[in-house]
Number of protein chains: 6
Amino acid sequence: MVDITKKEPSLRTAVAHAIVRVGSQATIEAIRNGKVPKGDVFEMSRAAGLLGVKQTALLLPDCHPLPIEFTAIGYALKGLEIHIEVTVKTHYKTGVEVEAMHGASVVALNMYDMLKPIDKNVEICNIRLLTKTGGKSDIRRQA
Amino acid sequence: MVDITKKEPSLRTAVAHAIVRVGSQATIEAIRNGKVPKGDVFEMSRAAGLLGVKQTALLLPDCHPLPIEFTAIGYALKGLEIHIEVTVKTHYKTGVEVEAMHGASVVALNMYDMLKPIDKNVEICNIRLLTKTGGKSDIRRQA
Amino acid sequence: MVDITKKEPSLRTAVAHAIVRVGSQATIEAIRNGKVPKGDVFEMSRAAGLLGVKQTALLLPDCHPLPIEFTAIGYALKGLEIHIEVTVKTHYKTGVEVEAMHGASVVALNMYDMLKPIDKNVEICNIRLLTKTGGKSDIRRQA
Amino acid sequence: MVDITKKEPSLRTAVAHAIVRVGSQATIEAIRNGKVPKGDVFEMSRAAGLLGVKQTALLLPDCHPLPIEFTAIGYALKGLEIHIEVTVKTHYKTGVEVEAMHGASVVALNMYDMLKPIDKNVEICNIRLLTKTGGKSDIRRQA
Amino acid sequence: MVDITKKEPSLRTAVAHAIVRVGSQATIEAIRNGKVPKGDVFEMSRAAGLLGVKQTALLLPDCHPLPIEFTAIGYALKGLEIHIEVTVKTHYKTGVEVEAMHGASVVALNMYDMLKPIDKNVEICNIRLLTKTGGKSDIRRQA
Amino acid sequence: MVDITKKEPSLRTAVAHAIVRVGSQATIEAIRNGKVPKGDVFEMSRAAGLLGVKQTALLLPDCHPLPIEFTAIGYALKGLEIHIEVTVKTHYKTGVEVEAMHGASVVALNMYDMLKPIDKNVEICNIRLLTKTGGKSDIRRQA
């Protein structure tokens, strides 16, 4: 684990992005109309993602435990794709990009888990960092 | 959570696949030659993935807790991509595909976490199920 | 921990009940109309409760870890009260009443957590076992 | 999760209260005299409650993880009721009332778990916040 | 993780042993007379150990998750030593020796944690397996 | 849990030490040459230990949760003994010696778990604190 005892805390933000691709328009309609048997895909996955962000340091050995001050999870539907955006903020000595990416991954996995009874072709693609501010170097990419 | 009280247990297997794409050949060389400052990327990520598989039901609300009987994590290097393959087996009343996909996702995230100090362009792509046997319908796809 | 090595597994079911009392009709309306700022109170609390049921043995020292086969969480609104009903089933050597009660407690606490910004008078009352079948003695009480 | 990046930390305290009602005076005597087969009900439940307070943010999606600086768990016997009082303190940007209530709930559930072999009529009633200081508005209620 | 899909479950038992050595007779007297400020050392450590046994597979990557059917934790005082004995049983396809040893280790660590304010010379020595039955080969050693 | 609300945070360090004794020189050679079937004993155990350090407060009731800023895990082979040294640092109001000792214990247990298929005589001995700085009194002992 990297030694951060000499660093100063500052406001860190990170936005991660994940895409879940489903197999048919019928799946998108089921999600939109609340017809997925396992429940509301957006709200249940948001709950899982909020918890997932907080468990990052318990899953990844080198990750510093830190007091997450804000997490937001947003969705956009584009054709057969569900775009997931996870924003994490904290005042700490390390960045929160892995936390944001872990959150995006848990949201995507939970969608897979809820959708697999009705669609065998769900796939998770492209979990990546969009934005990172507050450390030595900022990162800004296009979604 | 789906009611499985009336189902019979059978041998279930699942193989999930994830790809981590790095930004340069120098990163691949650092991994291969054990020069990544945070440690051995393959072994550390394998440890994280083995633990991740077992924590799936604690992260995903609808997922049944089950006694994993086998997990294997394999790697292949292809150009700038690290291909991750996670195999999970158990005798139980539900499949283990979400466990395998969660394992693949944790391995990929841990690689991202270990590589980010030396490469700003690591990305996780294409977490998907390759094979599933033992339930009502088998699934077999190409890697 | 009670020694259950000589017992035979059988189908066990348990239904637990909890009541959350809110401070005003406005809170009930906010829940019903999806106007609670933190999100959908029923779906978010259901996600928390489903996870909580599975974590019971990690919180209570004497509780046996067991493979939960089914959990359902239902709600009813009665005046200023939200009635929560959690049903748990499994084939195992011990009952699942503590798992059902822990699920009911986590659902209730999550409602408290989501509602406290809009209502200072939320209270959890009456977490109790309604029904238990499958062990030496069945229990059936009125809700 | 509410954005607290702009708030200042201050000393926060919360006291939560729970009542466990048992079915007979014999149960109270068994607890008092250390005759409950599963062990010392007060000490075992205190251990469970201390751990439970620290796991609150891993169970409730919207709850901020925070560094608990103090937890105390007290008991009082009143007729057939065991009164549980959980005090939590920290310097942080959010209150600790949900942590205190979760602690009270875990203590109560653990008592239920330890007492159920000797008393079928144990019930948890009235988990509520007694006192809260340090945020925008203090709360003080009667036990 | 070793592949156990083809093995048959049988009754497995394991007994592990740990020794905590304290720095002075005054510490032993404080424990015996319930004068340790942090609480009852035996009961609190027993609670921690019971939970620790159940968390073994979440801490050790290669360890199979399994349904623990029995755990008992016993103590003996010998001079400046506290002898801890943890017995674990289950019907499963793998042994439970690591679970028993992890339980013994958590009990010992908790004693260290509770005693360090009153004794700077507490040390954990000799965590080892005493007995193991039910697998290919039994092990029996002297305490 | 000791009340630390009035203390000031300062840099705390702790170094703990554990010894794993194996049964034969062949085991040492297998470790050194990467021939242990379950994987690289040093890297896998390091991953387990890094995670273990961060889970200390979830296992020990009285332990304060704290933001670990640095963990390092080192090894030395001496005859049939593997010496494990775990260093933990943080800026906080309490020491990190229990975290360092828990890390050393998890590393040792993981070695036991990985080695038991090839050596029935592995034993954990002598988990103890070597150094502690930053609190009221420093501790320095010989390895």
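What you are looking at is a predicted structure, and each value in this text was computed from that prediction instead of being measured. (Residues numbered from 1 in each chain as written. Chains lettered and ligands numbered in written order. Predicted model: local features only at pLDDT ≥ 70, side-chain atom pairs only at ≥ 80, totals over all residues. Heavy atoms only, no water.)

Draft legend 1. Local environment of the interface of chain B and chain A. With 36 residues of chain B at the interface, the matching set in chain A holds 36 residues. Carbon and sulfur atoms make up 63% of the area that chain B and chain A hide from each other, which totals about 3100 Å². Applying the counting rule to chain B against chain A returns zero salt bridges. Our count for the contact surface shared by chain B and chain A stands at eight residue pairs in polar contact (both at pLDDT 80 or more). Elements with a contribution of two residues or more to the side of chain B that touches chain A: helix H2 (41–54), helix H3 (56–59), helix H4 (97–115) and strand E4 (123–133) of chain B. Looking at which element gives the most residues to the side of chain B that touches chain A, the answer is H4(B), with eleven residues. Classifying every residue of the side of chain B that touches chain A gives 19 nonpolar, eight polar and nine charged. (Contact = heavy atoms within 4.5 Å. Buried area = accessible area lost by both parts, 1.4 Å probe. Salt bridge = Lys/Arg side-chain N within 4 Å of Asp/Glu carboxyl O. Polar contact = N/O pair within 3.5 Å; in protein donor to acceptor, adjacent residues only side chain to side chain. Helix = DSSP H or I, 4+ residues; strand = E, 2+ residues; numbered from the N terminus. Nonpolar A, V, L, I, M, F, W, Y, C, P; charged D, E, K, R; others polar.)

Draft legend 2. Just the relation of the copies chain B and chain A, in detail. Superposition of chain B onto chain A requires a rotation of 180 degrees combined with a translation of 0.0 Å along the rotation axis, giving an RMSD of 0.0 Å. Here the copies are linked by what is in effect a two-fold axis. No C-alpha of chain B approaches the rotation axis more nearly than that of Cys125(B), which lies at 2.5 Å. Both copies present the same face, since 100% of the interface residues in chain B are matched by interface residues at the equivalent positions in chain A. (Least-squares fit on C-alpha atoms with pLDDT ≥ 70 in both.)

Draft legend 3. Region of interest: the packing of aromatic side chains. Residue and element names in this part refer to chain F. Within this structure, the stated rule accounts for six aromatic pairs over all chains. With centroids separated by 4.6 Å and ring planes inclined at 35 degrees, the aromatic side chains of Phe 42 and Tyr 75 adopt a geometry described as tilted. In this pair, Phe 42 is assigned in helix H2 (residues 41–54) and Tyr 75 in strand E2 (residues 70–78), connecting sequence segments 33 residues apart. Judged by its relative accessible area of 21%, Phe 42 is partly exposed. For Tyr 75, a relative accessible area of 26% translates into the label partly exposed. (Phe/Tyr/Trp six-rings, centres within 6.5 Å; stacked < 30°, edge-to-face > 60°. Buried < 20%, exposed > 50% of the residue type's maximum accessible area, 1.4 Å probe, protein only.)

Draft legend 4. Layout of the packing of helix H2 (residues 41–54) of chain D against helix H4 (residues 97–115) of chain D. All names here are of chain D. Between H2 and H4, the least distance of the axes is 8 Å, while the angle of their chain directions is 145 degrees. In the crossing of H2 with H4, the sense of the turn from one axis to the other is right-handed. On H4, the residues that touch Val 41, Phe 42, Met 44, Ser 45, Ala 48, Gly 49, Gly 52 and Val 53 of H2 are Glu 99, His 102, Gly 103, Val 106, Val 107, Asn 110, Met 111, Met 114 and Leu 115. The residue inventory of the contact of H2 with H4, partitioned by class, reads ten nonpolar, six polar and one charged. (Axes fitted to C-alpha atoms, helices over the stretch in contact; angles between N-to-C directions. Left-handed = near helix turned anticlockwise from the far one by under 90°.)

Draft legend 5. Structural context of the pairing of strand E4 (residues 123–133) of chain E. Burial within E4(E) is extensive, with ten of its eleven residues counted as buried. Summarising the sheet, strand E1 (residues 10–21) of chain E and E4(E) pair through eight bridges and their orientation is antiparallel. Pairing of Val20(E) across the sheet is with Ile124(E), part of E4(E). By the bridge criterion, two bridges tie E4(E) to strand E4 (residues 123–133) of chain F in an arrangement that is antiparallel. Residue Ile124(E) lies in a different strand from E4(F), and its bridge partner there is Ile127(F). Of the pairings in the sheet, the one linking E4(E) to strand E5 (residues 139–140) of chain E comprises two bridges and is antiparallel in character. (Pairing = 2+ DSSP bridges.)

Draft legend 6. Summary view of the confidence of the model for chain A. Predicted confidence across chain A gives a mean pLDDT of 95, with 99% of residues reaching 70 or more. For this predicted complex, the interface score ipTM comes out at 0.95, alongside a pTM of 0.96. (pLDDT = per-residue confidence, 0-100.)

Draft legend 7. Examining helix H1 (residues 25–32) of chain D more closely. Residue and element names in this part refer to chain D. Among the residues of H1, Thr 27, Ile 28, Ala 30 and Ile 31 are the ones counted as buried. The buried side chains of H1 occupy one side of the element, clustering within an arc of 160 degrees when seen end-on. Those residues of H1 that are exposed and aimed more than 90 degrees away from the buried face are Ala 26 and Arg 32. Buried residues along H1 sit in contact with H2, strand E2 (70–78), strand E3 (81–92) and H4. (Arc of directions from axis to C-beta.)

Draft legend 8. Structural context of the environment of Ile124(E). Here Ile124(E) is to be found in strand E4. Residue class for Ile124(E) comes out buried when judged on its relative accessible area of 1%. Here the alpha-carbon distance between Ile124(E) and Ala18(E), two residues 106 residues apart in the chain, equals 7.5 Å. Aside from chain neighbours lying at most four places away, what touches Ile124(E) is Ile19(E), Ala108(E), Leu109(E), Met101(F), Asn126(F) and Ile127(F).

Draft legend 9. Structural view of the interface of chain E and chain F. Each partner contributes residues to the interface: chain E has 36 residues there, and chain F has 36 residues. Counting the surface lost from both chain E and chain F, the interface buries some 3100 Å², and carbon and sulfur atoms represent 63% of this. For the chain E face of the interface with chain F, the top three residues by lost area are Leu59(E), Asp62(E) and Leu109(E), together amounting to 19%. The interface formed by chain E and chain F includes eight residue pairs in polar contact (both at pLDDT 80 or more). Among the elements of the structure, helix H2 (41–54), helix H3 (56–59), helix H4 (97–115) and E4 of chain E are those that each provide at least two residues to the side of chain E that touches chain F. In terms of residue count, H4(E) provides more of the side of chain E that touches chain F than any other element does, eleven residues in total. Its residues assigned to classes, the side of chain E that touches chain F comprises 19 nonpolar, eight polar and nine charged.

Draft legend 10. Quick look at the relation of the copies chain E and chain F. For these two chains of identical sequence, chain E goes onto chain F by a turn of 180 degrees and a shift of 0.0 Å along the axis, with RMSD 0.0 Å. Of the residues that chain E buries at the interface, 100% are likewise interface residues in chain F, meaning the two copies contact each other through the same surface.

Draft legend 11. Molecular detail of helix H1 (residues 25–32) of chain B. Next to the buried residues of H1(B) lie H2, strand E2 (70–78), strand E3 (81–92) and H4 of chain B. Where H1(B) ends, the next residue or the one after it, Gly34(B), has phi of about 65 degrees, a positive value.

Draft legend 12. Inspection of the environment of Tyr112(A) at higher detail. With respect to the helices and strands, Tyr112(A) occurs in helix H4 (residues 97–115). Considering only alpha carbons, one finds Tyr112(A) and Val22(A), 90 residues apart in sequence, at a separation of 8.8 Å. Those residues within four positions of Tyr112(A) in sequence are excluded, and the remaining contacts are Val122(A), Glu97(B), Val98(B), Met101(B) and Leu129(B).

Draft legend 13. Inspection of the pattern of salt bridges at higher detail. Counted by the stated rule, this structure contains 42 salt bridges over all chains. Between Asp3(D) and Lys89(A) there is a salt bridge whose closest N-O contact spans 3.2 Å. Placement of Asp3(D) in the segment before strand E1 (10–21) and of Lys89(A) in strand E3 (residues 81–92) is noted, with the two residues assigned to different chains. Assessed through its relative accessible area of 33%, Asp3(D) is described here as partly exposed. The class for Lys89(A) is partly exposed, based on a relative accessible area of 22%. Several salt bridges converge on common partners, so that one network encompasses Lys38(A), Asp113(A) and Lys116(A).

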